[in-house]
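Here's the letter readout for the chains.
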Amino acid sequence: MTEIIGVRFRGGPKEYFFDPRGTAVEPGQFVIVETAQGQEYARCITGNHEVEDDAVVQPLRPLLRVATENDQRTWELNRTKEKNAFGICQKKILKHGLDMKLVKVECNFDGSKIVFYFTSDGRVDFRALVRDLASEFHARIELRQIGVRDEAKMLGGIGICGRPFCCAEFLDDFIPVSIKMAKTQNLSLNPTKISGTCGRLMCCLKYEQDAYEDAVRRCPKQDSFVLTPDGTGNITNVDILREQAVVRLDDQPESPRRYHNCELNVLRNGKGSREGIEIPRERPERYRAPEDELDETELRLREEAKELDAMLFDASGEDSGEKRRRRGGRNRRRGGERSAEDAAPKAEKPEQTEKQEKPKADKGDKPRADRPPRRPRPEQPAAEDAAPAPQQEGEKHDGDKRRRSRRGGRNHRKSGGNAPKPEE
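Residues numbered from 1 in each chain as written. Predicted model: local features only at pLDDT ≥ 70, side-chain atom pairs only at ≥ 80, totals over all residues. Heavy atoms only, no water.

Trainee: Would you mind going over the overall build of the chain with me for this structure?
Mentor: Summing up its helical and strand segments, the chain has 11 helices and 13 strands in all. Of all 424 residues assigned to the chain, the portion counted as buried reaches 27%. Here the contacts in the chain between residues at least 6 apart in sequence split such that 54% fall between residues at least 24 apart. Summing over all exposed atoms, the chain offers an accessible surface of approximately 31,000 Å²; the carbon and sulfur share of this is 48%. (Helix = DSSP H or I, 4+ residues; strand = E, 2+ residues; numbered from the N terminus. Buried < 20%, exposed > 50% of the residue type's maximum accessible area, 1.4 Å probe, protein only. Contact = heavy atoms within 4.5 Å. Areas by Shrake-Rupley, 256 points an atom, 1.4 Å probe, with all protein chains shown as cover.)

Trainee: Any chance you could explain unusual backbone geometry here in plain terms?
Mentor: Most of the time, phi is negative for any residue but glycine, and the peptide bond is trans. Of the consecutive residues Gln58 and Pro59, the connecting peptide bond is found in the cis state with omega at -5°. Mapped onto the fold, Pro59 is located in the loop between β4 (38–51) and β5 (63–66). Of note in this structure, His138 is not a glycine but carries a positive phi near 55°. Here His138 lies in the loop between α2 (127–137) and β8 (140–145).

Trainee: Looking at this structure, I do not really get the nonpolar core. What am I missing?
Mentor: A general tendency of soluble globular proteins is for nonpolar side chains to be buried together. Counting 16 residues, the largest nonpolar core has Met100, Ile114, Phe116, Leu133, Phe137, Ile141 and Leu143 as its most contacted members. Elements represented by at least two residues in this core include exactly α1 (69–96), β6 (101–107), β7 (113–119), α2 and β8. Judged by nonpolar contacts, the second largest core, of 12 residues, contains Ala215, Ala245, Leu249 and Tyr259. (Core = buried A, V, L, I, M, F, W, Y, C linked by side-chain atoms within 4.5 Å.)

Trainee: Help me understand the environment of Val31 in this model?
Mentor: Locating Val31 in the fold gives a position in strand β3 (residues 30–35). A sequence separation of 35 residues divides Val31 from Val66, and the C-alpha atoms of the two residues are 4.3 Å apart.

Trainee: Is there a simple way to explain the state of the cysteines in this structure?
Mentor: By definition, a disulfide links the sulfur atoms of two cysteines through a covalent bond. Evaluated as defined, the whole model comprises zero disulfides. Cys161 forms no disulfide, and the closest cysteine sulfur to it belongs to Cys166, at a distance of 6.2 Å. (Disulfide = S-S within 2.5 Å.)

Trainee: Help me understand helix α3 (residues 148–155), please; the structure alone is not making it clear to me.
Mentor: What sets the pattern is the α-helix's 3.6 residues per turn: residues three or four places apart point alike. Burial in α3 covers these residues: Arg149, Glu151 and Ala152. One side of α3 holds all its buried residues, which, seen down the axis, span an arc of 160°. Residues of α3 that are buried in the fold lie against β6, β7 and α4 (166–169). Once α3 ends, the next one or two residues include Gly156, with phi positive near 75°. (Arc of directions from axis to C-beta.)

Trainee: Looking at this structure, I do not really get the pattern of salt bridges. What am I missing?
Mentor: Side-chain pairs of opposite charge can arise where the charged atoms are in close proximity. Taken as a whole and assessed by the stated rule, the structure comprises 17 salt bridges. For Lys104, the salt bridge goes to Glu106, with nearest N and O atoms at 3.6 Å. Assessed through its relative accessible area of 19%, Glu106 is described here as buried. Shared partners join several salt bridges into a network, and the residues in it are Asp214, Arg217, Arg218 and Glu243. (Salt bridge = Lys/Arg side-chain N within 4 Å of Asp/Glu carboxyl O.)

Trainee: Please clarify how the pairing of strand β11 (residues 244–249) should be interpreted in this entry.
Mentor: Moving residue by residue along a regular strand, the side chains alternate between the two faces of the sheet. Counting buried residues along β11, five of its six residues qualify, which places the element largely inside the surrounding structure. Of the strand pairs in this sheet, strand β10 (residues 231–239) and β11 are connected by six bridges, and their pairing is antiparallel. Bridged to Ile235 within β11 is Val247. As consecutive antiparallel partners, β10 and β11 are separated by four residues, and within that stretch Glu243 has a phi angle of approximately 55°, a positive value. Across four bridges, the pairing between β11 and strand β12 (residues 257–260) is antiparallel. From the neighbouring strand, Val246 faces β12, where its bridge partner is Arg258. (Pairing = 2+ DSSP bridges.)

Trainee: When you look at the packing of aromatic side chains in this model, what are you seeing that I'm missing?
Mentor: How two aromatic rings sit relative to each other is given by the distance of their centres and the angle of their planes. Here the structure, examined in full by the defined rule, presents eight aromatic pairs. Lying over the aromatic face of Phe174, Lys153 brings its terminal NZ or CZ to 5.5 Å of the ring centre. (Phe/Tyr/Trp six-rings, centres within 6.5 Å; stacked < 30°, edge-to-face > 60°. Lys NZ or Arg CZ within 6 Å of the ring centre and 35° of its normal.)

Trainee: Just to check I follow, could you spell out empty space enclosed by the protein for this structure?
Mentor: Space left empty within the atom packing is revealed by a probe, the size of a water molecule, rolled over the atoms. Under the counting rule described, the total for this entry stands at one cavity of 30 Å³ or more. Lining the largest cavity, in full, are Arg10, Glu40, Tyr41, Trp75, Asn78, Arg79, Cys107, Asn108 and Phe109. Counting only elements with at least two residues in the lining of the largest cavity, the list comes to β4 and α1. Broken down by element, the lining of the largest cavity gets its largest block of residues, three residues, from α1. Of the residues belonging to the lining of the largest cavity, the class tally is four nonpolar, two polar and three charged. (1 Å grid on protein atoms, 1.4 Å probe; cavity = no way out; pocket = protein on both sides within 12 Å on 5 of 7 lines; lining within 4 Å. Points joined across faces, edges and corners; volume = space filled by probe spheres on them. Nonpolar A, V, L, I, M, F, W, Y, C, P; charged D, E, K, R; others polar.)

Shape is all these values report; function is a separate question.
Written out as structure tokens, the structure is:
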């Protein structure tokens, strides 16, 4: 067994182990430790405890001492020095015209080295910049080019989920994330929705990948040919989280239904032909989840579904919505409004034994209740039997007269007899 303590540097998420060498350190205390870069000021996360020998990498760096007030003041002076160095370095970058973005400046505890972190799209020749910074601060200067993920980890921020960045909060190292994870989880492949603030795929896609892969193995593929309690059909959509599938039945293709995985008998997994597939006669039993296994959301959805069914279906079992649609269609055909005659209950009429006995009523004799009766049509003069006179020079054709006469009659009927008579 090896005794160790765990510390973190500058609020970073990664924890490093050091040898306390018999010094008792409580969590939350600041300590001075020896690192490969020299002495560093760190915060203790886990106090003295023992772990297995193979859990740590030997040899362990030693703990120098618990931080004192002088160490605290030195650390504060270094923070002020870092802010000044950041502004000076930005001016030097503009002076040399370098294509680089300064991200962060760190100064070690004894002030002998200053590290400048920057991002850039390509390689940058910063040798002249290093010489200017060394002459300005009289310390060892180091410039490190980092990626966009490291930039987000250093600066921190709030993600689209409303929580701090995972890389700045608790992730020790960056985990590999691929677009295949988004496809497995049925997420939108829109880059703006599956990318983080850094512009790369979100690290949280890796968290549930194992659970999704296990659920995918239990669920049938899309377009599979399955046997359900209601007959055969093809799967159109798969809900991996609920382990359910939407099936388009062969008998009722217009109304797909949702089934649990245990209700489906997969006859062909994935796309393919149905030739040679034997359909069993026994259908799977319908799955009914017990009430004690359902959460509050499922129970509430069931109650809302029951209330909705009670509202949509009347005592006769006919859908009231379908009634309204049919009634609306009749009203539109009648002109959009129901007449007083239609609103009143219709009296029973005696059946007609012969069609000849039913008199044919004139459409103009029976006025409607919702509009005034039409005016009588004016009498038209009888057409003469004599042959038309030959057309003389300068006289219009008789066909033009007949067209004007008919047009004048229509205008006369529309305006109630007040339209001017056509010219003869």
